[in-house]
Amino acid sequence: MTSTLDQTDIRILQTLQENSNLTNKELAAAIHLSPTPTFERVRRLEREGYIRKYQAVLDADKLNCGFIAFCFLKMKQHSYENGVKIMEAVQTIPEIAECYNISGDYDFLLKIYSKDMKEYQRFILRILGDLDCIGSLSSSFVLGEVKATHSIPLYS
């Protein structure tokens, strides 16, 4: 059972979204609370699932995988089995950074990182092409990144 969030909890979450690498002492100073209650609140927020994990944000260009494609997938046939096959497959494919089951003309939206267009083509033909549950796909390519954040808007 989760508790309700107060203003201090919201400040902790906002601050950690901006920089999760802060020490407890730095976080406490940033939210104007002493270290012990700050530590206890962070642990509660983790325990209750408000904070799922801490993660470093890497530079895709520096790691030679800055070609980003959004791939819309349509199942060959709408069935529970095909949906599960796709959801299980994407868990094991490292190029797929995000996958969403969506409504509309397509069933899934994938965010895929690749080295370049040629590598993306290989990925489509060799990886996604092997999934017999996919009926069709459509790709859109990122021309420029305008905003990229995993921050969630927090309201009090």
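Provided above is the structure to which this section pertains.
This report concerns the structure included in the present document.

Analysis parameters
- Residues numbered from 1 in each chain as written.
- Predicted model: local features only at pLDDT ≥ 70, side-chain atom pairs only at ≥ 80, totals over all residues.
- Heavy atoms only, no water.
- Salt bridge = Lys/Arg side-chain N within 4 Å of Asp/Glu carboxyl O.
- Helix = DSSP H or I, 4+ residues; strand = E, 2+ residues; numbered from the N terminus.
- Buried < 20%, exposed > 50% of the residue type's maximum accessible area, 1.4 Å probe, protein only.
- Pairing = 2+ DSSP bridges.
- Axes fitted to C-alpha atoms, helices over the stretch in contact; angles between N-to-C directions.
- Contact = heavy atoms within 4.5 Å.

### A word on the pattern of salt bridges
At step 1: Taken as a whole, this structure holds 8 salt bridges when the rule is applied.
At step 2: Between Arg 41 and Asp 6 there is a salt bridge whose closest N-O contact spans 2.9 Å. Here Arg 41 is found in helix α3 (residues 35–47), whereas its partner Asp 6 is found in the segment before α1 (7–18), with 35 residues between them in sequence.
At step 3: You can call Asp 6 partly exposed: its relative accessible area is 32%.
At step 4: Among the charged side chains, a salt-bridge network with shared partners connects Asp 6, Asp 9, Arg 41, Arg 44 and Glu 48.

### Quick notes on the sheet that holds strand β4 (residues 134–141)
At step 1: Taken together, 4 strands build an open sheet; the order of strands is β2-β3-β1-β4 and the sheet is antiparallel. Across the chains shown, the open sheet's two edge strands, defined by having one partner strand only, are β2 (96–101) and β4. Strand-to-strand twist in this sheet, taken as the mean axis angle between neighbours without regard to direction, amounts to 20°.
At step 2: Where β2 lies against strand β3 (residues 108–114), 5 bridges are found, and the strand directions are antiparallel. Residue pairing in the sheet places Asn 101 in a bridge with Phe 108 of β3.
At step 3: Sheet strands in contact with helix α5 (residues 117–126) are β1 (67–75), β2, β3 and β4, and its direction is about 20° off that of β1.

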